[in-house]
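Fold and geometry: a report
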Amino acid sequence: MTTTSHFTLTDGETDLLPSDDDVKGYAEHGWYLSQKLFSDDEIDALVAASDRFYDGQRDRQLPVRPPNLAYWEPSHGQIQRHNDYVHYESDDIARILRKPLLGAVAARLAQATQIRAFQATMIYKPPISGEASNLVPWHIDRHYWQICTSEKMLTAFIPFHDCGVEMGTITMIDGSHRWAEIPGDDSTRHFAQRDRDELEDLLHRTAEFNGSQVNPIPLVIPKGHMSFHHCRVYHGSGHNRSGQPRRAISFHLQDGENQWRAYRKADGQQVVYNHDLLVRQTAEGTPDYADPDFCPVLWQS
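Just so it is clear, the model here is predicted, and its values are computed rather than measured.

Reading the values: the criteria
- Residues numbered from 1 in each chain as written.
- Predicted model: local features only at pLDDT ≥ 70, side-chain atom pairs only at ≥ 80, totals over all residues.
- Heavy atoms only, no water.
- Salt bridge = Lys/Arg side-chain N within 4 Å of Asp/Glu carboxyl O.
- Helix = DSSP H or I, 4+ residues; strand = E, 2+ residues; numbered from the N terminus.
- Core = buried A, V, L, I, M, F, W, Y, C linked by side-chain atoms within 4.5 Å.
- Buried < 20%, exposed > 50% of the residue type's maximum accessible area, 1.4 Å probe, protein only.
- Contact = heavy atoms within 4.5 Å.
- Phe/Tyr/Trp six-rings, centres within 6.5 Å; stacked < 30°, edge-to-face > 60°.
- Lys NZ or Arg CZ within 6 Å of the ring centre and 35° of its normal.
- Pairing = 2+ DSSP bridges.
- Axes fitted to C-alpha atoms, helices over the stretch in contact; angles between N-to-C directions.
- Polar contact = N/O pair within 3.5 Å; in protein donor to acceptor, adjacent residues only side chain to side chain.
- Expected span 1.5 Å × (residues − 1).
- Arc of directions from axis to C-beta.

What follows is about the pattern of salt bridges. In total, this model carries 14 salt bridges according to the counting rule given. Note that Arg247 is salt-bridged to Asp51, the shortest N-O span being 2.7 Å. Here Asp51 lies in helix α3 (residues 40-54) and Arg247 lies in strand β12 (residues 246-255), a separation of 196 residues in the sequence. Connected via shared salt-bridge partners are Arg52, Asp92 and Arg95.

Our focus in this paragraph is the nonpolar core. If you look at the biggest cluster of nonpolar residues, it comprises 62 residues, and the most contacted ones within it are Ile115, Leu154, Phe228, Ile249, Phe251 and Leu253. For this core, the secondary structure elements donating two or more residues are α3, α4 (86-89), α5 (91-97), α6 (100-110), β5 (114-125), β7 (154-159), β12 and β13 (297-300). At eight residues, α6 tops the list of elements feeding residues into this core. Beyond its immediate stretch of four places on either side in the chain, Leu154 contacts Tyr26, Ala106, Leu109, Ala110, Ile115, Phe228, His229, His230, Cys231, Phe251, His252 and Leu253.

In this section: the packing of aromatic side chains. Aromatic ring pairs are reported here in terms of the distance separating the ring centres and the angle at which the planes meet. A full pass over the atoms with the stated rule returns twelve aromatic pairs. Considering the side-chain rings of Tyr85 and Phe294, the 6.0 Å spacing of their centres and the 90° angle between planes classify their relative orientation as edge-to-face. With Tyr85 in the loop between β4 (81-84) and α4 and Phe294 in the loop between β12 and β13, this pair connects stretches of sequence that are 209 residues apart. Each of the two residues, Tyr85 as well as Phe294, counts as buried. Against the face of Tyr88 rests Arg60, its NZ or CZ located 5.6 Å from the ring centre. Between the NZ or CZ atom of Arg81 and the centre of the ring of Trp72, over which it lies, the distance is 4.0 Å.

What follows is about the sheet that holds strand β9 (residues 216-218). Hydrogen bonds between backbone atoms are what pair the strands of a sheet, whose relative direction is either parallel or antiparallel. Read across the open sheet, the four strands follow the order β6-β11-β8-β9; overall the sheet is antiparallel. Sheet topology places β6 (136-139) and β9 at the edges, where each strand pairs with a single neighbour. Direction aside, neighbouring strands of the sheet carry axes that sit 20° apart on average. Note that strand β8 (residues 170-173) and strand β11 (residues 235-237) share three bridges and pair antiparallel. Note on β11: the bridge partner recorded for Ile170 is Ser237. Running at roughly 35° to β6, helix α7 (residues 196-209) makes contact with β6 and β8 of the sheet.

Turning next to the side chain of His252. The residue His252 is located in strand β12 in this model. Within the structure, the side chain of His252 is placed 2.7 Å from the side chain of Thr155, a separation counted as a polar contact. Apart from the residues lying within four places of it in its own chain, the contact partners of His252 are Ala117, Phe118, Gln119, Asp141, Trp145, Leu154 and Thr155.

Moving on, we get to α7. For α7, spanning 14 residues, the distance from its first C-alpha to its last is 20 Å, which sits close to the expected 20 Å at 1.5 Å a residue. Within α7, the full set of buried residues consists of Leu199, Leu202, Leu203, Thr206 and Ala207. The buried residues of α7 occupy an angular sector of 130° when projected down its axis, which confines them to one face. Along α7, exposed side chains directed more than 90 degrees from the buried face belong to Asp197 and Glu208.

Purely geometric numbers; function is a separate question.
Following this line, the structure appears as C-alpha cells:
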C-alpha cells in the first residue's frame, strides 16, 4: 500500500497516477485525459444514483437556494439539465466522487498537497439534435471563481459512458490557460447569461491578443476515464447527435490553499458566489471554503 497521513492508494491505483510527462503536458496544454479511474460498477452506480436523484430522492437539501443556483426540475422540460451541489444532496453520488484516487490525480496535476471538493454539477444533455441548451459556449471556469485566491483550481469532467464527438463531448482550446486576458474583460456572469456570439468573439479576440491560434481539441473519453482541465482553459461542448443522453458530472476541485477573497466588478459591485450563502464562516466572518459539509477534503499527502 502507498500511504499518506489520511488517505491510501493501492499499488495498482498508484500506477494510474499521472506520470511526470503527463504533469508537464497538463502544464503546457491545460488539460489531461486520465486512465480508467472508476470501475464499470462505480460508473453504473453513478447512473443509478443520478436516476434516483432525478426521481426526487435527496439525502439532504440545501438550507437555502442561492440566486445563481443551477437546478433542473422536471417542469423545465427536455433541455440540458444542470444540478449543482449533487455531492451535498446525494450520499451515493458523494461516496463515489470522494474516491481517493480521483483526488490524488488532481493533486498531482495541480502540484498540491491537499485537494478539496469545490462544487459538483450533474449534467444531462438530451439526445435532441439542435436543442439550443445543449450547446455550451466557450468559457473559463476561473471567471466564476474570482472570489477564490487560487490559480490552481481544476475540474474533473466525468462521463457516465463512452463519450465522443457525436455526443457533444467536452472540448478544450489547447494551451489557452496560458493566455493573458483582454484588459477590461472581468465579467463574472455565467455563460448561460451571456450571448454565445459574444463569447465566440471574445475567444478569438483573446487568442489574437496573445498572438495564438484557436486550437479546439474534442476529448474522446472512454467509460470510467475522465478529463481534468485547468481553471483558466477555454472549453465548451457541442450538440448531442448520438441518439442517447450525454450524462456526466462536472466536479470542480480546489487546492488546500484556496480561500475566499473579496472581489468587486469594475462597477464596484461585490461578487457573491453560491457558496457564500451556504458554507460556514471563518473566525473573521468570511465564507469558509474549507467547510467539510460542502467542500470536503478528497486527498491529503
